[in-house]
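# Chains, contacts and geometry: an overview
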Amino acid sequence: MKVTSIVDGIIIDHVQSGTALKVLHYLHVDPTSTRLALIMNTDSHKYGRKDIIKIEESDDLDLTALGFIAPQATVDMVRQGHIVSKHKPDRPVHLVNVISCVNPRCVTSVERGADQCFHLDDSGVYRCDYCDEKAEL
Ligand SMILES: [Zn+2]
């Protein structure tokens, strides 16, 4: 088992290079008050370049948004300095209030407080339930 620089937490590996800060935003992680380490644009055998996010004490973290923003990522659970499990983010069929529709004419853009609902289509793209607009990062 590989020893890492965090003790208890998670490592989000194989994040598309340059998007680590966006991932933190979607996970509602506040970089000013969270113990974390970002490694950006490091070499990856698989993808050329990648970002890595290490978050200490991540138990309260809701990782739902990862299936949208970083589906190719790997999530490593770290306990007492050791990686105890690795998994790919789930790609939920429905996302509610995780991302917002970018279509200015969509009912969710017009009506304040409307739930932002997206579904995964057959090609693996998240689309707005109301107007079918493609979800954008
Ligand atoms: Zn929409």
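About the thresholds
In this numbering scheme, every chain counts its residues from 1 along its sequence in written order. Local features in this predicted model are restricted to residues of pLDDT 70 or higher, and side-chain atom pairs are both shown and tallied only at a pLDDT of 80 or more, whereas totals for entire chains, interfaces and linings draw on every residue. Runs of E in the DSSP output that reach at least two residues are strands. Runs of H or I that reach at least four are helices, and both are numbered from the N terminus. Residue pairs qualify as contacts under a 7 Å threshold applied to their C-beta atoms, which are placed from the backbone. We call two strands paired when DSSP finds no fewer than two bridges between them. For every element, the axis is a line fit to its C-alpha atoms; helices are fit only across the contacting stretch, and the angle between N-to-C directions ranges from 0 to 180 degrees. Just so you know, the domain bounds were taken from an automatic or database domain assignment.

### Topic: the overall build of the protein
When helices and strands are counted, the protein shows 3 helices and 8 strands. Each helix and strand of the protein, ordered N terminal to C terminal, gives the series β-α-β-β-α-β-β-β-α-β-β. Seen through its C-alpha atoms, the protein measures out along the principal axes to roughly 50 × 30 × 25 Å. Looking at the protein alone, contacts between residues at least 24 apart form 57% of all its contacts between residues at least 6 apart.

### A word on the sheet that holds strand β5 (residues 82–87)
Spatially, β2-β3-β1-β4-β5 is the arrangement adopted by the 5 strands of the open sheet, whose pairing is antiparallel. The sheet is open, and its two edges are formed by β2 (36–44) and β5, each paired on a single side. Going from strand to strand, the sheet's axes swing by 20 degrees on average, the running direction of each strand aside. Bridging between β2 and strand β3 (residues 48–56) involves 7 bridges; their strand directions are antiparallel. Within the sheet, the bridge partner assigned to I39 lies in β3 and is I52.

### Some details on the sheet that holds strand β8 (residues 126–128)
Reading across the sheet, the 3 strands line up as β6-β7-β8 and stay open at both edges, with antiparallel pairing between neighbours. Both outer strands of the open sheet, β6 (94–96) and β8, are each paired with one neighbouring strand and no more. Averaged over all pairs of adjacent strands, the angle between their axes in this sheet comes to 30 degrees, without regard to strand direction.

### What to know about the domain arrangement of the protein
Domain annotation of the protein identifies domain 1 (9–87) and domain 2 (94–128). Placing the centre of domain 1 and that of domain 2 at their C-alpha centroids yields a distance of 24 Å.

### Let's talk about the environment of D51
Topologically, D51 is positioned in strand β3. Through-space distance from the C-alpha of D51 to that of I39 is 5.5 Å; in sequence the pair is 12 residues apart. With residues near it in sequence (within four places) discarded, D51 still touches V15, S17, G18, T19, A20, L38, I39, M40 and N41.

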